[in-house]
Amino acid sequence: MGSYKMGPALLLLSLCVASVLSNEAQDAWTSRQRRVQIGSKDDGRVKKFSGRIVGGTELEEPLPYLLSLRDSGFHICGASIISEKHALSAAHCQNPPSDLERLTLLAGTIHRTDDESGIVFQVDLVINHPGFVQKTYLNDVAIIRSTTSFLEHPGLAIIPIASETYKLRVNSTATVSGWGLTAQDANLAPTLRTVNIPITSYSKCVAKWRPVRIVNTAICAGFPGRDSCNGDSGGPLVQNGTQIGLVSWGADRCGSEYPGIYTYIGNKKIRMFIAENSGV
């Protein structure tokens, strides 16, 4: 962790949120936080960085591609179905790694804590991008494999993912969904929520977050009043039915001016890693 002698420190945490119902679940969350001290020109108060969906709406039906990544039955991150047995999430969600026998994926429900209303899949393999850098969240992407097929269950479906030729447009609208916090210091949302947010230009994002580094495998999205980090880590950022990114990190001030940071799936290195480890 680096420090800068530029006034009060900001606290930067990853978006991966664990359930607050038990010490074990809390440990799963805190072990995956990112903390970088940087200078602030704001009001001098310490800022904490975390993740949740704010300014969105509750969904009445589950999204066919959306998954809850769980450790010992507790939600820790979001994920998405990209093939018959493969899901996509963030590398930091499994850094440090969970024991595989404790790791599951929940699908087909809008309820975060009700496994009986959804379908639980056992995980047998997790592959983090070999170039993942915890200090900067470069290459923040992971492949998670289920022991059984997602597609054997009606209502579940693969979401197409962006290729290297995807035309990403600044100010275009994308959607992110998850069970993250609905306000600073609040609990995780019990019901799945979603929010529409605009893509922010990379140059403006870099300028806003300076001196925190924004890596070249990232894109930025968010808007004041609709949250700038939006959703659980690993959860999909979707545009026109295609997943273009996944939640990496962002500020915990609801609706702040800080854009949320997403791993860009159309990035060459990210796309190559996904293809080599899932066949997609």
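Residues numbered from 1 in each chain as written. Predicted model: local features only at pLDDT ≥ 70, side-chain atom pairs only at ≥ 80, totals over all residues. Heavy atoms only, no water.

For the protein, an unreviewed UniProt entry supplies the name Peptidase S1 domain-containing protein and the organism Anopheles culicifacies. According to UniProt, the comment filed for the protein under the heading Sequence similarities (unreviewed entry) is "Belongs to the peptidase S1 family. CLIP subfamily." (UniProt positions renumbered as here; feature names shortened; annotations may be inferred.)

Visitor: Just checking my understanding: could you explain the packing of aromatic side chains for this structure?
Guide: This model, assessed by the stated rule, comprises 4 aromatic pairs. Plain terms: the ring middles of Trp209 and Trp249 are 4.7 Å apart, the flat faces sit at 75° to each other, and that makes the pair edge-to-face. Of the two residues, Trp209 sits in helix α2 (residues 202-209) while Trp249 sits in strand β14 (residues 242-249), which places them 40 residues apart along the sequence. Judged on exposure class, the residue Trp209 and its partner Trp249 are both buried. Between Trp209 and Tyr258, the ring centres sit 4.6 Å apart and the planes meet at 55°, which makes this aromatic pair tilted. In this pair, Trp209 sits in helix α2 while Tyr258 sits in the loop between β14 and β15 (260-264), placing the two residues 49 residues apart along the sequence. Taken as a pair, Trp209 and Tyr258 share a single burial class, namely buried. (Phe/Tyr/Trp six-rings, centres within 6.5 Å; stacked < 30°, edge-to-face > 60°. Helix = DSSP H or I, 4+ residues; strand = E, 2+ residues; numbered from the N terminus. Buried < 20%, exposed > 50% of the residue type's maximum accessible area, 1.4 Å probe, protein only.)

Visitor: Just to check I follow, could you spell out the pattern of salt bridges for this structure?
Guide: In a structure, side chains of opposite charge can pair up when their charged atoms sit close to one another. Scanning all chains against the criterion turns up 3 salt bridges. In this structure, the salt-bridge partner of Asp99 is Arg102, at a minimum N-O distance of 3.0 Å. In this structure Arg102 comes out as partly exposed when scored by relative accessible area, which is 30%. The partner of Asp124 in a salt bridge is Arg145, and the shortest N-O contact between them spans 2.9 Å. (Salt bridge = Lys/Arg side-chain N within 4 Å of Asp/Glu carboxyl O.)

Visitor: How should the state of the cysteines be read in this particular structure?
Guide: Cysteine pairs can be covalently joined through their sulfur atoms, and such a bond is termed a disulfide. Under the criterion given, the structure shown has 2 disulfides. A sulfur-sulfur separation of 2.0 Å characterises the disulfide bridge that pairs Cys205 with Cys220. The disulfide joining Cys205 to Cys220 has a torsion of about -80° about its S-S bond and is therefore left-handed. Of the two residues, Cys205 is situated in helix α2 and Cys220 in strand β12 (residues 218-221); the sequence distance between them amounts to 15 residues. When sorted by exposure, Cys205 lands in the same class as Cys220, which is buried. (Disulfide = S-S within 2.5 Å.)

Visitor: Could you clarify how one ought to interpret unusual backbone geometry in this entry?
Guide: Cis geometry is adopted by the peptide bond preceding Pro96, which originates at Asn95 and carries an omega value of 10°. Relative to the elements of secondary structure, Pro96 occurs in the loop between β6 (86-89) and β7 (103-107). The step from Arg210 to Pro211 runs through a cis peptide bond, and the omega angle for that step is 15°. We note that Tyr137 has phi near 65°; this positive angle belongs to a residue other than glycine. Mapped onto the elements, Tyr137 comes out in the loop between β8 (119-128) and β9 (142-146). Phi at Asn240 takes a positive value of approximately 50°, unusual for a residue other than glycine. You can see Asn240 is positioned in the loop between β13 (236-239) and β14. When its relative accessible area of 71% is taken as the criterion, Asn240 is described as exposed.

Visitor: Could you clarify how one ought to interpret the pairing of β8 in this entry?
Guide: Note on strand geometry: in a regular strand, side chains alternate between the two faces of the sheet. Alignment of β7 against β8, held across 4 bridges, turns out to be antiparallel. Across the sheet, Leu105 pairs through a bridge with Phe121, a residue of β8. Inspection of the sheet shows β8 paired to β9 by 5 bridges, in the antiparallel sense. Residue Val123 lies in a different strand from β9, and its bridge partner there is Ser146. (Pairing = 2+ DSSP bridges.)

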